[in-house]
Amino acid sequence: MAILDVVTYPDPRLTRVAEPVKLIDNKIKKLVDDMAETMYDAPGVGLAATQVSELKRIMVIDVSEEKNQLRVFINPEIIKKEGTAVNEEGCLSVPGFYDKVERAETVMVTALDRDGQRFTINASGLLAVCIQHEVDHLDGHVFVEYLSPLKANRIKNKLVKRQREIEREAEVAAPRRRVASSARA
Ligand code: NI
């Protein structure tokens, strides 16, 4: 298994719409396993394939406290939504920012599991929030889009600035790494 790179907002890769999975082969199963490992490592409660630059309709979720109830959704479809609820949300692609978002209170979702078996569940609470948040990712949407333009811009600017700082630090560190590897040769 491997930890995958999570794309950070406002990277345009987060705006692309993921394609349905046609065949659940070993490559897809490996992606599912890597996504789960990446989510637990972060740590987060959910991750969509779009966030790791894979345009496939796959999402992994674990809202349990013990982190032992992994749910895999391949080609998920929300077939029913009921009520409304406001919850504070965060996102691995929007590190450090949390805000209130209104969504449906309960959802009925159908999807395939890691073995290609179809299942349908009724979800409420954090699981319902998470399912809607991850399906949004698969459709190219990030929760920031639900906030006011002022808040969204503030988050965007801060993350762009932070990303530039990370890139600058990487440039400074690169020559040092080259020296170190040649010393080992
Ligand atoms: Ni997210």
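Since the structure is predicted, the reported quantities are computational estimates derived from the model, not experimental observations.

Draft legend 1. A look at the overall build of the chain. Scanning the chain from N- to C-terminus turns up three helices and seven strands. Counting from the amino terminus, helix and strand elements in the chain follow one another as α-β-β-β-β-β-β-β-α-α. With the principal axes as the frame, the chain shows a C-alpha extent of 60 × 45 × 30 Å. Relative to its 185 residues, the chain shows a buried fraction of 39%. Intrachain contacts of the chain at a sequence separation of at least 6 include 64% that bridge at least 24 residues. Accessible surface, the chain: about 10,800 Å² in total, of which carbon and sulfur atoms supply 50%. Charged side chains in the chain number 28 positive and 29 negative. The centres of these two groups are separated by 6 Å.

Draft legend 2. Molecular detail of the environment of isoleucine 61. Of note, isoleucine 61 is situated in strand E2 (residues 58–61). On a C-alpha basis, the gap between isoleucine 61 and serine 93 in space is 15 Å, while along the polypeptide they are 32 residues apart. Every residue in contact with isoleucine 61, bar those within four places of it in the chain, is listed here: Met39, Val45, Gly46, Gln69, Leu70, Arg71, Phe73, Leu127, Cys130, Ile131 and Glu134.

Draft legend 3. Representation of the environment of alanine 85. With respect to the element layout, alanine 85 can be found in strand E4 (residues 85–89). Once you skip the residues sitting within four places of it in the chain, alanine 85 turns out to touch Val101, Glu102, Arg103, Ala104 and Glu105.

Draft legend 4. Spotlight on the side chain of aspartate 34. For aspartate 34, the position within the fold is in helix H1 (residues 26–41). Residue aspartate 34 is classed as buried on the basis of its relative accessible area, which comes to 5%. Within the local environment of aspartate 34, its side chain forms a polar contact with the side chain of lysine 30, the two groups lying 2.8 Å apart.

Draft legend 5. Layout of the pairing of strand E7 (residues 118–124). The sheet contact formed by strand E6 (residues 106–112) and E7 spans seven bridges and is antiparallel. Counterpart to threonine 110 in the pairing with E7 is threonine 120. As consecutive antiparallel partners, E6 and E7 are separated by five residues, and within that stretch glycine 116 has a phi angle of approximately 85 degrees, a positive value.

Draft legend 6. Highlighting the sheet that holds E6. With antiparallel pairing, five strands are arranged side by side in an open sheet as E1-E2-E3-E6-E7. Two strands in the sheet have a free side with no partner beyond their single neighbour: strand E1 (46–48) and E7. For this sheet the average axis-to-axis angle between neighbouring strands, irrespective of direction, equals 35 degrees.

Draft legend 7. Molecular detail of the pattern of salt bridges. Taken as a whole and assessed by the stated rule, the structure comprises eight salt bridges. Here glutamate 54 makes a salt bridge to lysine 56, at a shortest N to O gap of 3.3 Å. Taking relative accessible area as the criterion, lysine 56 reaches 29% and is therefore assigned partly exposed. For aspartate 136, the salt bridge identified is with arginine 103, shortest N-O distance 3.1 Å. With a gap of 33 residues between them, aspartate 136 in helix H2 (residues 125–138) and arginine 103 in strand E5 (residues 99–103) connect regions that are remote in the sequence.

Draft legend 8. Summary view of the coordination of the nickel ion. Looking at the nickel ion, one finds its protein donor set to be Cys91 (SG), His133 (NE2) and His137 (NE2), positioned 2.1 to 2.2 Å from the metal centre. Along the chain, the residues donating to the nickel ion fall in the pattern C-x41-H-x3-H. Residue histidine 133 and its partner histidine 137 are located together in helix H2, separated by four residues, close to a single helical turn. Here histidine 133 matches histidine 137 in class, with each residue buried.

Draft legend 9. Structural view of H2. Helix length check: H2 (14 residues) gives 21 Å between terminal C-alpha atoms against 20 Å at 1.5 Å per residue, within 8%. Within H2, burial applies to Leu127, Ala128, Val129, Cys130, Ile131, Gln132, His133, Glu134, Val135, Asp136, His137 and Leu138. In the segment just after H2, glycine 140 is the residue with positive phi, at about 85 degrees.

Conventions we followed
One numbering rule holds for all chains: residues counted from 1, following each sequence as written. Confidence filtering applies because this is a predicted model: local features only for residues at pLDDT of at least 70, side-chain atom pairs given and counted only at 80 or more, and all residues used for totals across whole chains, interfaces and linings. Computation of side-chain values covers all heavy atoms of the structure but excludes hydrogens and water. By the criteria applied, helices consist of DSSP H or I runs no shorter than four residues and strands consist of E runs no shorter than two, each listed in order from the N terminus. Three exposure classes are used, based on accessible area relative to the maximum for each residue type with a 1.4 Å probe and protein chains only: buried under 20%, partly exposed in between, and exposed over 50%. Throughout, a contact is declared for two residues whenever any of their heavy atoms are within 4.5 Å. Only the protein chains shown count as cover for residues, with accessible areas throughout obtained via the Shrake-Rupley method and a probe of 1.4 Å. In this count, Lys and Arg are taken as positive residues and Asp and Glu as negative ones, while His and the chain termini are left out. Working definition for charges: the position is that of NZ of Lys, CZ of Arg, CG of Asp or CD of Glu. We call two N or O atoms a polar contact when they sit within 3.5 Å, provided that within protein one can donate a hydrogen and the other can accept it, with sequence-adjacent residues counted only if both atoms are side-chain atoms. Strands are labelled as partners when DSSP assigns at least two bridges between them. Orientation is described by lines fitted to C-alpha atoms, with helices fitted over the stretch in contact, and by angles between N-to-C directions that extend from 0 to 180 degrees. Every case where a carboxyl oxygen of Asp or Glu lies within 4 Å of a side-chain nitrogen of Lys or Arg is listed as a salt bridge. For Na, K and Ca the donor cutoff is 3.2 Å, while for all other metals N, O and S atoms must lie within 2.8 Å; water is not among the atoms, so some sites may look incomplete. Expected helix span is given by 1.5 Å per residue-to-residue step, counting one fewer step than there are residues.

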